[in-house]
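# Overview (structure and organization)
In case you want the letters, here they are:
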Amino acid sequence: MVVAVEKGEKLIEAFFRERAVLFGHFILTSGKESDYYINVKKLITEPEVLGLIARLMKEKAEELGIEFDRVAGPELGAVPIATALSLETGKPLVIVRKKPKGHGTGSLVEGEVKPGDRILLVEDVTTTGGSVLRSAKVLEELGARIAAVFVVIDREEGAAENLKDYRFVPLLTVSQLFERKKGAK
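### Thoughts on helix H5 (residues 130-141)
The terminal C-alpha atoms of H5, which comprises twelve residues, lie 17 Å apart, in line with the 16 Å expected from a rise of 1.5 Å per residue. Of the residues making up H5, those classed as buried are Val132, Ser135, Ala136, Val138 and Leu139. For H5, the buried positions fall inside an angular range of 160° around the axis, keeping them on one side. Buried residues along H5 sit in contact with strand E3 (70-74), strand E4 (93-96), strand E5 (109-110), strand E6 (118-126) and strand E7 (145-154). Residue Gly143 follows H5 closely and has a positive phi angle near 95°.

If you want it as structure tokens, here you go:
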């Protein structure tokens, strides 16, 4: 699909234009050390790029025939992506907290989840997939089914294997991103 390829290229260009790939010494959410950091949060604060990500996810779900009732994302990085995709698709939004709320209901989930709901779970970056896997388990405990897990970029460091029980769909991989960087030199 030519349009998807062109939009994918626009997403790759945005990573470099917005300087969302940093080099140095970093500790990732997974606890791993890395000599590069993928800062998708820098991209998703730009309305044009956030809209592009939502359109790419919607088109990819349609292309793959993935049907879903709700869009969910773990806090923090995935929330703007899930919100944009919710607006793009007209599907209700669900936010999965890292920790139970310290007041009120003490819920781990904001938004309604009904038994049998098909959830499209989104994430900004995956390394090992730990946070998105934890979110999937929280949603499943509420009776939901995970239709697929979409991620803006996969670092290719174990997430695909750890999420093997789910349909795992990265818009980009770090290999694709770095291949483009190498080709640009």
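### Some points on the sheet that holds E4
Strands sit in the order E5-E4-E3-E6-E7-E8 across an open sheet of six strands; the sheet is mixed. Here the strands that pair on one side only, and so sit at the sheet edges, are E5 and strand E8 (168-173). In terms of strand pairing, E6 meets E7 through eight bridges, oriented parallel. Opposite Val125, over in E7, you have Ile153 as the bridge partner. Sheet strands touched by helix H4 (residues 78-89): E3, E4, E6 and E7. Its angle to E3, the strand with the most contacts, is close to 170°. The sheet contacts of H5 involve E3, E4, E5, E6 and E7, and relative to E6 the element is tilted by about 165°.

### A word on the packing of helix H3 (residues 47-64) against H4
The interhelical angle for the contact between H3 and H4, taken along N-to-C directions, is 60°, at an axis separation of 9 Å. For the element pair H3 / H4, the angle class is oblique. Handedness of the crossing formed by H3 with H4: right-handed. For the pair formed by H3 and H4, the contact residues are Leu50, Ile53, Ala54, Arg55, Met57 and Lys58 on the first element and Pro80, Ile81, Ala84, Leu85, Glu88 and Thr89 on the second. A per-class count over the contact of H3 with H4 returns eight nonpolar, one polar and three charged.

### What to know about the packing of aromatic side chains
For the structure on display, the rule yields three aromatic pairs. Ring-pair connections join several aromatic residues into one group, and the members of that group are Phe23, Tyr36 and Phe178. A cation over a ring is seen here: Lys91 above Phe68, with NZ or CZ 5.6 Å from the ring centre.

About the criteria used
Residues numbered from 1 in each chain as written. Predicted model: local features only at pLDDT ≥ 70, side-chain atom pairs only at ≥ 80, totals over all residues. Heavy atoms only, no water. Helix = DSSP H or I, 4+ residues; strand = E, 2+ residues; numbered from the N terminus. Expected span 1.5 Å × (residues − 1). Buried < 20%, exposed > 50% of the residue type's maximum accessible area, 1.4 Å probe, protein only. Arc of directions from axis to C-beta. Contact = heavy atoms within 4.5 Å. Pairing = 2+ DSSP bridges. Axes fitted to C-alpha atoms, helices over the stretch in contact; angles between N-to-C directions. Parallel < 35°, antiparallel > 145°, perpendicular 65-115°, else oblique. Left-handed = near helix turned anticlockwise from the far one by under 90°. Nonpolar A, V, L, I, M, F, W, Y, C, P; charged D, E, K, R; others polar. Phe/Tyr/Trp six-rings, centres within 6.5 Å; stacked < 30°, edge-to-face > 60°. Lys NZ or Arg CZ within 6 Å of the ring centre and 35° of its normal.

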